[in-house]
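# Topology and contacts: notes
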Amino acid sequence: MSAAADTAAAARARVLIVDDDEKLGALLAEYLGRFGWSVRTAITPEEGLRALGAEAPDIVILDVMLPGIDGFEVCRRIRQTSRVPIVMLTARGDVMDRIVGLELGADDYLPKPFEPRELMARMQAVLRRGGAVAIDDERVRCGPLEVSFATCTVRLDGRPVWLTSAELELLFLLVRNRGRVLSRERILDETRGIDWEAFDRSIDVLVSRLRQKLSDDPRQPRFIRTVRGVGYGFIGGADG
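I will try to describe carefully the structure that is included in this document. (Residues numbered from 1 in each chain as written. Predicted model: local features only at pLDDT ≥ 70, side-chain atom pairs only at ≥ 80, totals over all residues. Heavy atoms only, no water.)

A word on the overall build of the protein. On a plain count of helices and strands, the protein comes out with nine helices and 12 strands. Put simply, of all contacts in the protein between residues at least 6 apart along the chain, 63% involve residues at least 24 apart. By element, 50% of the accessible surface of the protein is carried by carbon and sulfur atoms, the whole surface being about 11500 Å². (Helix = DSSP H or I, 4+ residues; strand = E, 2+ residues; numbered from the N terminus. Contact = heavy atoms within 4.5 Å. Areas by Shrake-Rupley, 256 points an atom, 1.4 Å probe, with all protein chains shown as cover.)

Here it is, written out as C-alpha cells:
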C-alpha cells in the first residue's frame, strides 16, 4: 500500500487510546489528528472498556501499566468479545511482557519512550494486515473448519472463532499455502509489521495462540502441523 493510500485509510480510522498518562494521550491525539485519525482517549481501564462498548474503534492503543486493572487484563477482556487490533505500550519493554501481551491477543507491542511517528507506522501496518487479506471470494473448508477470505471470518463446527489480525493473517497465509511447509523466516517476512525479531519465540507464540483457538492439539493436529527444524504447514485438502 502506498503512503497516500495509508493516509487515506488513516483518515477513516477511529483510535481508542487507553493510558493514564493524560499528557501523553493528549500529545498522541494531537499528533494523530494532524494525519486524519479520529482519536478518543481514556485514562482508566473502566473508561476504556466503556468507550470500546459505546463506539467500536478500528484500533486500540493500550498501556500495560494502568491503575487498578492492568493492560493485560484489559486486553484479555477485549478479546472475549472483539478482535479489534491492539497495540500495547509498556515502560518496561521486557521480553516476557511482550510474550504475555501476544499470548493474550495483542497485535503489536511498543516499549516507552517511543516516537509518535513510529507508533503511527505500526498502527498503519496492523490495519494493513487486517484489510489486505480479503482479496477474493474463496471459501476454504477443512473438516469442521471454514475460512472465508472475502469476509475475513473463521468458523469452527459452525461457530465463529474470534482471531486477532495477526492470528487471522497467519491462518490465511497457511491456508493459502496448504500442502507446503513454511519456514519461520518465510512467516516472518509475510507477517511484517510486528516487531517479531524482538525475541526468538515470537512465531511459536503466535502459532500456539492460533492452535488454542482452533482446539488443535499439536500432538495430534487437525489443521496445523509442525515440521521440526523447518516450520509449519496447513494440513488437509479443502473444498468450497
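Right, picking up where we left off after that structure.
What follows concerns helix α5 (residues 95-104). Along α5, the residues classified as buried are Asp97, Arg98, Ile99, Gly101 and Leu102. Considering only its buried residues, α5 is in contact with α4 (71-79), β4 (86-90), β5 (108-111) and α9 (202-213). Glycine 105, located one to two residues past α5, shows a positive phi value of around 120°. (Buried < 20%, exposed > 50% of the residue type's maximum accessible area, 1.4 Å probe, protein only.)

Turning next to the side chain of aspartate 63. By the element assignment, aspartate 63 lies in strand β3 (residues 59-63). Looking at aspartate 63, its side chain comes within polar contact range of the side chain of lysine 112, at 3.3 Å. (Polar contact = N/O pair within 3.5 Å; in protein donor to acceptor, adjacent residues only side chain to side chain.)

Take the packing of α4 against α5 next. Helix packing for two helices is described by the angle between their axes and how far apart those axes are. The geometry of α4 relative to α5 is characterised by a closest axis approach of 9 Å and an angle of 15° between their N-to-C directions. Relative to α5, α4 is oriented roughly parallel. Crossing of α4 over α5 shows right-handed handedness. Contacts from Phe72, Cys75, Arg76 and Arg79 of α4 reach α5 at Asp97, Val100, Gly101 and Leu104. Per-class residue counts for the contact of α4 with α5 are four nonpolar, one polar and three charged. (Axes fitted to C-alpha atoms, helices over the stretch in contact; angles between N-to-C directions. Parallel < 35°, antiparallel > 145°, perpendicular 65-115°, else oblique. Left-handed = near helix turned anticlockwise from the far one by under 90°. Nonpolar A, V, L, I, M, F, W, Y, C, P; charged D, E, K, R; others polar.)

With that settled, the discussion passes to the pattern of salt bridges. Two side chains carrying opposite charge are able to pair once their charged atoms lie near each other. Considering all chains together, one arrives at 15 salt bridges under this definition. Ionic pairing is found between arginine 14 and aspartate 58, a salt bridge with its closest N-O pair at 3.5 Å. With arginine 14 in strand β1 (residues 14-18) and aspartate 58 in the loop between α3 (45-54) and β3, this pair connects stretches of sequence that are 44 residues apart. With relative accessibility at 34%, the residue arginine 14 sits in the partly exposed group. For the salt bridge of arginine 209 with glutamate 167, the shortest nitrogen-to-oxygen distance reads 2.3 Å. A residue pair is termed long-range when its members are at least 10 positions apart, and arginine 209 in helix α9 and glutamate 167 in helix α7 (residues 165-176) qualify at 42 residues. Across the pair, exposure class does not vary: arginine 209 and glutamate 167 are buried alike. Connected through salt bridges with shared partners, the residues Arg14, Glu55 and Asp58 form a single ionic network. (Salt bridge = Lys/Arg side-chain N within 4 Å of Asp/Glu carboxyl O.)

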